[in-house]
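Tertiary structure, described
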Amino acid sequence: GKHLAYLAMSRPGFEADRFRIMLLDLEQGEARELAPGWDRSASAIAFSNDGTSLFVTAQDVGNKSLLRMDIGSGKIEKQVADGTVSGFDVAGSTLVFARDSLESPSELYELKDSRIRQITDFSGPQLDGVEMGEYEQFSFEGAHGDTVYGYVMKPAGFEEGKKYPVAFLIHGGPQGSFGNHFHYRCNPQTYAGQGFASVFIDFHGSTGYGQAFTDSISGDWGGAPLEDLQKGLAAAVERYEYLDGGKACALGASYGGFMVNWIAGNWPDRFKCLVNHDGIFDQRMMYYATEELWFPEWEHGGPYHDTPDTYEKWNPANHLAQWRAPMLVIHGELDYRVPVTQ
C-alpha cells in the first residue's frame, strides 16, 4: 500500500517504445524508474507477496521470460528463461504462470522455491500421436555487423540425410518477434507438419534485443531488414545440411506481407513462390487509405505530402517490373490498418 508500480513509454506516437517500469511513492508523490539501465520492454508486472520485488515479463532474445526485480536495487533475476510466459499471478509464496513454446501450446505451471512444476496438460490428449518438428536457435552477422538471431525447425518425420523444402517465415509488426512461441495464427509447426523445414529471422526492428535494435527499422523498412533476411537464410542453408536452399518459399503477414512485396522486386530470383498476407503494395495509397495515420507518420518521418521521398524509397509498387515469382495474396475486407485495396 506504499507504492504504485506502472509501465510508461517516453515517446508519444510510437507504439514500440520501451515500456519502462515506474515506481510511485504514494506518501511522497515521487516517481522513479526501476532498473533504468535494463534495456528490455516490460509487458506485465506484479508485486511479490512481501512487497520487496516485482515479477516482470519481457521479451528477451527470442523468448518472453519471467523475471524478478528488486524494487530497492533494481537487481534482476530470471525465474523462467525459455518459451513465452503469457500471463502469471501471485498468491503468497506461490506463483502460477502460463507458458508456451515452439513445440507446445500454453500450459499452466507453478513456481515455488525456484522450482517449476507443470500443473495442467490441456493439450496432451489432443496432441497424442502428433509429432512436432524439432527446433534450434542460431545467430549470424547481419546488417551493420550486428549479431542477429533466428530459428530453424525440422519437419515432422525428419529423416537424416534427406533434404527438405524451406518455408521462410517473415514476422509482422514490424516491431515484433517470431520467437519461441506457439503462435495461433502463423505457426511454424503448421509447415513442419506438411514436410517443410521452417526458417524465421528476427531482423533489425525486432523486439527483445534492446531498444536501439527495435528503433533501427524506422525509416529503413527495406534496408537492414532485407539484408538480415538474405544473410540469415544463407547462414541457415550453409549451417543445416537438410535445408534445400533451391526450394524455398517466403511467407509473411502485415509488415511481413510488405516484405514479401519488397522481396518480389528487390530479391526477385531467390524464391520458388511467395505468400503475401495483408501486405502493403503502394506506400502512397496506403497512407491515404488507412485510418491509422500516426503509424506511417512515425515510421516514415511525417505525412506523405511532407516527406514523400521516405515513403517512395521503400515503396514495393516502384519495383513491379522486377517481379518474377508466383505470389499467393491473402487479404480481408475487415483489415482497416492495411485496407483491401492494397
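Residues numbered from 1 in each chain as written. Predicted model: local features only at pLDDT ≥ 70, side-chain atom pairs only at ≥ 80, totals over all residues. Heavy atoms only, no water.

**Side note on the nonpolar core**
- Membership of the largest hydrophobic core comes to 42 residues, with the highest contact counts inside it found for Phe138, Phe168, Ile170, Val199, Leu243, Met259 and Phe271.
- Those elements that place two or more of their residues in this core are strand S12 (135-141), strand S13 (147-153), strand S14 (164-170), strand S15 (197-202), helix H3 (224-239), strand S16 (243-253) and helix H4 (255-266).
- Here this core takes seven residues from H4, the largest share from any one element.
- Residue contacts for Val199: discarding those within four places in its chain leaves Phe138, Tyr151, Val152, Val166, Ala167, Phe168, Leu169, Ala236 and Leu243.
- By size, the runner-up hydrophobic cluster in this structure holds 13 residues, among which are Ala5, Ile21, Leu23 and Ala58. (Core = buried A, V, L, I, M, F, W, Y, C linked by side-chain atoms within 4.5 Å. Buried < 20%, exposed > 50% of the residue type's maximum accessible area, 1.4 Å probe, protein only. Helix = DSSP H or I, 4+ residues; strand = E, 2+ residues; numbered from the N terminus. Contact = heavy atoms within 4.5 Å.)

**Some remarks on the pattern of salt bridges**
- For the structure on display, the rule yields 11 salt bridges.
- Among the salt bridges present, the one from Asp60 reaches Arg40, with a minimum N-O distance of 2.7 Å. Note that Asp60 is positioned in strand S5 (residues 53-60) and Arg40 in the loop between strand S3 (30-33) and strand S4 (42-47), a separation of 20 residues in sequence. Side by side, Asp60 and Arg40 carry an identical accessibility label, which is buried.
- The closest approach of N and O atoms between Lys75 and Glu77, which form a salt bridge, is 3.8 Å.
- For Lys75, a relative accessible area of 53% translates into the label exposed.
- Assessed through its relative accessible area of 42%, Glu77 is described here as partly exposed. (Salt bridge = Lys/Arg side-chain N within 4 Å of Asp/Glu carboxyl O.)

**A look at the packing of H3 against H4**
- At their nearest, the axes of H3 and H4 sit 11 Å apart, and the two run at 75° to each other. Considered as vectors, H3 and H4 are oriented roughly perpendicular to each other. For the pair H3 and H4, contact is made by Pro225, Leu226, Leu229 and Gln230 and by Tyr255, Met259, Trp262, Ile263 and Asn266, respectively. (Axes fitted to C-alpha atoms, helices over the stretch in contact; angles between N-to-C directions. Parallel < 35°, antiparallel > 145°, perpendicular 65-115°, else oblique.)

**Let's talk about the packing of aromatic side chains**
- The final tally for this structure, using the stated rule, is 28 aromatic pairs.
- Residues Tyr151 and Phe200 carry aromatic rings whose centres are separated by 5.8 Å and whose planes lie at 20° to one another, so their mutual orientation is stacked. Highlighted residues: Tyr151 in strand S13 and Phe200 in strand S15, separated in sequence by 49 residues.
- By relative accessible area, which is 4% here, Tyr151 ends up buried.
- Phe200 gets classed as buried once you look at its relative accessible area, which sits at 0%.
- Taken together, the ring pairs connect Phe203, Trp221, Tyr255, Phe258, Trp262, Trp294, Phe295 and Trp314 into an aromatic cluster.
- Here the guanidinium or amino end of Lys154 rests over the ring plane of Phe158, the centre of that ring lying 4.4 Å away. (Phe/Tyr/Trp six-rings, centres within 6.5 Å; stacked < 30°, edge-to-face > 60°. Lys NZ or Arg CZ within 6 Å of the ring centre and 35° of its normal.)

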